[in-house]
Amino acid sequence: MKHSAVVTGGASGIGLAVTERLLDDGWPVAVLDADAENAIFVPADVTDEEQLAEAFDEVVDRLGLIGGLVNSAGIARDLPADETSAELFRQILDVNLVGSFLAARCALERMGASLSIVNIASVSGLRANRGRVAYGASKAGVKMMSEVLALEFGGRGVRVNCVAPGP
């Protein structure tokens, strides 16, 4: 029996496509999404540490230990840097970077014999794009976080990668 997979932001976009593929491949899948109307299994806000931990506990109770995590939850706003407020910058970092970190930590605490984490970064985190100061910074952070987690946990049966889709 496969361990379960968790997809944050799995109710739409890339996360939904990932969810559909995992299901087609026979994985037991839990979708965590702030949009409770579209969330398939467990509504959760990836920026709320306590709520996220409870959601992962529910996943383990319902599906078993975690074998895969795809961090796809994310937000973007296209605004020039001088029109990006500190509040918006923090919100984007909180969802895209901190949320991915918190979900990874939850999965690590509840993993089976092995764990594969795939973080969705962006080409905007690799190259500068106009109007993407906050989004680009958050996705560059996701890339670096992925590398650090891979170094720190690679010897414990954990693989961590990120992909950087573009337009």
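Let me sum up the structure you'll find in this document.

Analysis parameters
- Residues numbered from 1 in each chain as written.
- Predicted model: local features only at pLDDT ≥ 70, side-chain atom pairs only at ≥ 80, totals over all residues.
- Heavy atoms only, no water.
- Helix = DSSP H or I, 4+ residues; strand = E, 2+ residues; numbered from the N terminus.
- Rg over C-alpha atoms; globule rule 2.2 N^0.38 Å.
- Buried < 20%, exposed > 50% of the residue type's maximum accessible area, 1.4 Å probe, protein only.
- Contact = heavy atoms within 4.5 Å.
- Core = buried A, V, L, I, M, F, W, Y, C linked by side-chain atoms within 4.5 Å.
- Pairing = 2+ DSSP bridges.
- Axes fitted to C-alpha atoms, helices over the stretch in contact; angles between N-to-C directions.
- Salt bridge = Lys/Arg side-chain N within 4 Å of Asp/Glu carboxyl O.
- Patch = residues over 30% accessible without salt bridge, like charges linked within 9 Å, V, L, I, M, F, W, Y side chains within 5 Å.
- Areas by Shrake-Rupley, 256 points an atom, 1.4 Å probe, with all protein chains shown as cover.
- Lys, Arg positive; Asp, Glu negative; His and termini not counted.
- Charge placed at Lys NZ, Arg CZ, Asp CG, Glu CD.
- Parallel < 35°, antiparallel > 145°, perpendicular 65-115°, else oblique.
- Left-handed = near helix turned anticlockwise from the far one by under 90°.
- Nonpolar A, V, L, I, M, F, W, Y, C, P; charged D, E, K, R; others polar.

## Observations regarding the overall build of the chain
- Secondary structure summary: the chain contains four helices and six strands in total.
- Of the regular secondary structure in the chain, the N- to C-terminal order runs β-α-β-β-α-β-α-β-α-β.
- The C-alpha atoms of the chain give a radius of gyration of 15 Å, which matches the 15 Å a tight globule of 167 residues would have.
- If you line up the chain on its principal axes, its C-alpha atoms span 50 × 40 × 30 Å.
- Out of the 167 residues belonging to the chain, those deemed buried represent 42%.
- Residue pairs at least 24 apart in sequence account for 65% of intrachain contacts in the chain once pairs closer than 6 positions are excluded.

## Considering the nonpolar core
- Within the largest apolar cluster, 28 residues are counted, with the highest numbers of intra-cluster contacts made by Val 6, Leu 32, Leu 52, Phe 56, Leu 69, Leu 115 and Val 158.
- For this core, the elements supplying multiple residues, two or more each, are β2 (29–33), α2 (49–63), β4 (66–71), α3 (86–109), β5 (111–120), α4 (133–153) and β6 (158–163).
- The element that contributes the greatest number of residues to this core is α3, accounting for seven residues.
- Discounting residues that sit within four places of it in the chain, Phe 56 has contacts with Val 6, Leu 32, Ile 66, Leu 69, Ala 103, Cys 106, Ala 107 and Arg 110.
- Core analysis: the second largest hydrophobic core is formed by seven residues, Ala 5, Leu 22, Val 70 and Ile 120 among them.

## As for the sheet that holds β2
- If you trace the six strands from one edge of the open sheet to the other, you get β3-β2-β1-β4-β5-β6, paired in parallel fashion. Each edge of the sheet is formed by a strand with only one pairing partner; in this case those strands are β3 (42–43) and β6.
- Relative to β2, strand β1 (residues 4–8) runs parallel, the two sharing four bridges. When the sheet's bridge partners are listed, Ala 5 is paired in β2 with Val 29.
- In this fold helix α1 (residues 13–24) packs onto β1, β2, β4 and β5, with an angle of close to 165 degrees to the strand it touches most, β1.
- Set on the sheet, α3 makes contact with β1, β4, β5 and β6; between it and β4 the angle comes to about 175 degrees.

## Points about the pattern of salt bridges
- Going through the model one piece at a time under the given rule, you end up with seven salt bridges.
- Taking the shortest distance from any N to any O, the salt bridge between Glu 49 and Arg 105 comes out at 2.1 Å. Of this pair, Glu 49 sits in helix α2 while Arg 105 is found in helix α3, placing the two residues 56 residues apart along the sequence.
- The exposure class of Glu 49 is partly exposed, given its relative accessible area of 43%.
- Through salt bridges with shared partners, a single network forms among Asp 57, Glu 109 and Arg 110.

## Quick look at a negative patch on the surface
- Together, Asp 45, Asp 48, Glu 50 and Glu 54 make up a region of like negative charge exposed at the surface.
- Along the chain, Glu 54 turns up in helix α2.

## Some details on the packing of α2 against α3
- The geometry of α2 relative to α3 is characterised by a closest axis approach of 10 Å and an angle of 40 degrees between their N-to-C directions. Accordingly, the angle class assigned to the pair α2 and α3 is oblique. Viewed along their axes, α2 and α3 form a crossing whose handedness is right-handed. Here α2 contributes Glu 49, Leu 52, Ala 53 and Phe 56 to the contact with α3, which in turn contributes Gly 99, Leu 102, Ala 103, Arg 105, Cys 106 and Ala 107.
- Of the residues assigned to the contact of α2 with α3, the class counts are seven nonpolar, one polar and two charged.

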